[in-house]
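Chain and residue survey
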Amino acid sequence: MPELIEVESYRTAAARLVGSRITRVECADDRYLRHTVDLLALRSVLEGARLTDVGRHGKVMLLGTDRGHVLGVRFGMTGRLSVDGYEPITELRYGPSGTGDGVRRFGIGTTAGAAWVLDPRRLGSVELDPDLTVLGPDAASLRVDDLRPALRSSRALKAVLLDQQSVAGLGNLLVDESLWRAGLAPGRPAESLGAAEQVRLVRTVVRTVAQLTRRGGSHTGDLQEARDARGACPRCGAALAVDRIGGRTTIWCPGDQR
DNA sequence: CCGGATGTTCACCT
DNA sequence: GAGGTGAACATCCG
């Protein structure tokens, strides 16, 4: 589930722990720790530290501590966050909705409560002091000047938008929805966009993220229903195309998107 | 049984 | 170097 919108809801839930002290760190499987030596090392760095802030960049949730270290949490496709039993998102399309121990991949206990990452497919990960310089500007506040360098590419427009190095936070659903709203074909070379199209694209991405956030998730787009049904374009009624672009299934309207 | 799924990474081609 | 493809990760669902 997690695209930027979902991770933002996790960030909000975790923010209630700000100011507390980390008392324990749990991780049953070291494979979940990326670029982080092991659980013992992570514990020595985090346990006893105070949680100073909870941030987010793209799809990465960032837990800041008073020791200067930051813990980055990625949720993969099926990761959810549970804070003292409260889950901002409980319905996951590609994973079970239960909270069994088998999916509790990573946990942080604090003086104010505990947070658990529930991730059946284990596609998420946790990383100490993640390198954020490899991520592009956050999609929620994207500006056309920030995206222009990435658009100077011969790759498919959709592939560029999915690349977290170009712009951080967009996933398959948000990209398809944004391109459909902007009337831009996903397979067009990114470099073929004119100045007006670039502006339209960025404006549409920002608006789409904001609107679907209010609606409650990346799956609440206008294209979603037709996407699930492989149906007709909600705008013009023509049959939607199903292609593979940027390595992902892509639903789009060849009539409306040019 | 098979294929695909809101993600990322890596090996291997062209 | 740039890009593309396919596999892998682990689980559920149609």
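Preceding this paragraph is the structure being described.
Residues numbered from 1 in each chain as written. Chains lettered and ligands numbered in written order. Predicted model: local features only at pLDDT ≥ 70, side-chain atom pairs only at ≥ 80, totals over all residues. Heavy atoms only, no water.

1. Regarding helix α2 (residues 39–46)
For an α-helix the count is 3.6 residues per turn, leaving residues at separations of three or four pointing the same way. The complete set of buried residues in α2 reads L39, L42, V45 and L46. Buried residues in α2, looked at end-on, bunch into an arc of 125°, giving them a common side. Summarising the geometry of α2, the exposed residues directed more than 90 degrees from the buried face are L40 and S44. Buried residues in α2 make contact with β1 (22–27), β3 (60–65), β4 (70–74), β6 (104–110) and β8 (125–128). Between the side-chain oxygen at the start of α2 and the backbone nitrogen of L40 there is a gap of 3.2 Å, and the oxygen is on D38. Positioned one or two residues after α2, G48 has a phi angle of 100°, which is positive. (Buried < 20%, exposed > 50% of the residue type's maximum accessible area, 1.4 Å probe, protein only. Helix = DSSP H or I, 4+ residues; strand = E, 2+ residues; numbered from the N terminus. Arc of directions from axis to C-beta. Contact = heavy atoms within 4.5 Å. Polar contact = N/O pair within 3.5 Å; in protein donor to acceptor, adjacent residues only side chain to side chain.)

2. Quick look at the protein's contact with DNA strand C
Taken together, nine residues lie around DNA strand C, and R31, P120, R121, R122 and L123 are the ones closest in. Considering the 4 Å shell around the protein, atoms of DNA strand C inside it are sugar or phosphate in 62% of instances. Measuring from a phosphate oxygen of DNA strand C, one finds a side-chain N or O atom of R31 at 2.8 Å. Between DNA strand C and the protein, one listed contact pairs a phosphate oxygen with a side-chain N or O atom of R122 at 3.2 Å. Grouping the amino acids of the surface near DNA strand C by side-chain chemistry returns three nonpolar, two polar and four charged. (Near = heavy atom within 4 Å. Nonpolar A, V, L, I, M, F, W, Y, C, P; charged D, E, K, R; others polar.)

3. A word on empty space enclosed by the protein
According to the stated counting rule, one finds two cavities of 30 Å³ or more in the structure shown. Roughly 100 Å³ of volume is contained in the largest cavity. In terms of lining residues, the largest cavity is bounded by 13 residues, among which M61, L63, L81, I108 and A115 are the most central. Within the residue set of the lining of the largest cavity, elements represented by two or more residues are β3, β6 and β7 (113–118). Within the lining of the largest cavity, the residues separate by chemical class into twelve nonpolar, one polar and no charged. If you add up the space inside the second largest cavity, you get close to 40 Å³. When contributions to the lining of the second largest cavity are tallied by element, the ones reaching two or more residues are α5 (172–182) and α7 (224–229). The residue makeup of the lining of the second largest cavity, split by class, is two nonpolar, two polar and two charged. (1 Å grid on protein atoms, 1.4 Å probe; cavity = no way out; pocket = protein on both sides within 12 Å on 5 of 7 lines; lining within 4 Å. Points joined across faces, edges and corners; volume = space filled by probe spheres on them.)

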